[in-house]
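As a plain string of letters, each chain reads:
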Amino acid sequence: MGVNGSVLAIDAGNSKTDVALIGTDGTVLSTARGGGFQPPVVGITTAVDVLGAAVERVLAAAGPDAGPVAHVSACLANADLPVEEEELTEALRERGWGDTVEVRNDTFAILRAGVDEPRGVAVVCGAGINCVGMVPDGRTARFPAIGRISGDWGGGSGLSEEAMWFAARAEDGRGEPTELARTLPAHFGLDSMYALIEALHLGRIEGARRHELAPVLFATARDGDPVARALVDRLADEVVALSSVALSRLGLLDEEVPVVLGGSVLAARHPQVDDRIAELLAARAPKAVVRVVTESPVLGAGLLGLDHTGAAPEVHSRLRAQYV
């Protein structure tokens, strides 16, 4: 039976994985970082192998008797649907890292890291956008968050594409004028949207670099461009739509409850976004308390694990204190 560490916490994103072994008293016994977790690209077995490399280092650092643990709490990117969580749970269970295994989408780690109890809603806006909510009785609220086919809009990638759409149409006359037609290509040292479109299409600029245009959009909005400002407002509207629907599903619209914002786009604290979110959310959920999470997501995975094992409040507090 797993007695050497109460929780093996795993937070795995597209670009990196963090693992922590947490003792029964909440002390972090060892940590490790590994590569990104991308089962849609490499397959489940290979993706879990990436986790395994980090887990092995964590267990080895804790000593020869460290493992299996009592519980594995894994918050994983690309676990967007319950069926995917089930598949990944089985894949992790087969590794024998712990007596029990629970897999959640990685957005739950950000939520739990930002709240004192498993109660609240989180909206994460990085490359994409997602929202989850939870309450202590185990009920959750979530969205598929697969992209446009599941009704999603926002995130750095979506904002960049939308900004390019408006800029291209402004330059060729199909759309209204916008400074984006100048600022977006200028970011890459180019003098026109046509040149930027050509460079992206022919691969002279890697497609993955499109996300660099999101900060350009925000800067252009800050300088007063109406089209850019409208796109930034639309992002804030989407954050409020997601969070208020999640709050409603959990019966929390009229209660004092945390709404946690995370991900690179929201963590950048753009005043236009922050102000509009606060204004709109105050109308729809007047008691909601908005904050930007800065704690490590692996802390959230660890706290979820301690929730599962029924650890005492002081154990939760000891774990959190190590990530301040």
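Check the entry above for the structure.
Criteria and thresholds
- Residues numbered from 1 in each chain as written.
- Predicted model: local features only at pLDDT ≥ 70, side-chain atom pairs only at ≥ 80, totals over all residues.
- Heavy atoms only, no water.
- Helix = DSSP H or I, 4+ residues; strand = E, 2+ residues; numbered from the N terminus.
- Buried < 20%, exposed > 50% of the residue type's maximum accessible area, 1.4 Å probe, protein only.
- Contact = heavy atoms within 4.5 Å.
- Expected span 1.5 Å × (residues − 1).
- Pairing = 2+ DSSP bridges.
- Axes fitted to C-alpha atoms, helices over the stretch in contact; angles between N-to-C directions.

Colleague: Residue-level account of the environment of Pro258, with values.
Modeller: Examined against the element boundaries, Pro258 turns out to sit in strand S9 (residues 257-262). Residue classification places Pro258 among the partly exposed positions, given a relative accessible area of 23%. Each C-alpha atom, one on Pro258 and one on Ala122, is 8.2 Å from the other, the two residues being 136 residues apart in sequence. Non-local contacts of Pro258, meaning those with residues more than four positions away in its chain, are made with Val115, Arg119, Gly120, Val121 and Val289.

Colleague: Before we move on, can you summarise helix H12 (residues 297-309) with the specific residues and values?
Modeller: Compared with an ideal rise of 1.5 Å per residue, which puts 13 residues at 18 Å, H12 spans 19 Å between its outermost C-alpha atoms and is within 8% of the ideal. Here H12 has its buried residues at Val298, Leu299, Gly300, Ala301, Gly302, Leu303, Leu304, Gly305 and Leu306. After H12 finishes, the residue Gly310 shows a positive phi value of roughly 75 degrees.

Colleague: Give a detailed account of the sheet that holds S9, specifying residues and quantitative values.
Modeller: Taken together, the five strands give an open sheet; going across it, the order is S8-S7-S6-S9-S10, and neighbouring strands pair in mixed fashion. Looking at strand neighbours, the two that pair on one side only are strand S8 (140-142) and strand S10 (288-292), the edges of this open sheet. With strand direction ignored, the average angle separating the axes of adjacent strands in the sheet is 15 degrees. Bridging between strand S6 (residues 120-125) and strand S7 (residues 129-134) involves six bridges; their strand directions are antiparallel. Considered in S7, the bridge of Val121 is made with Gly133.

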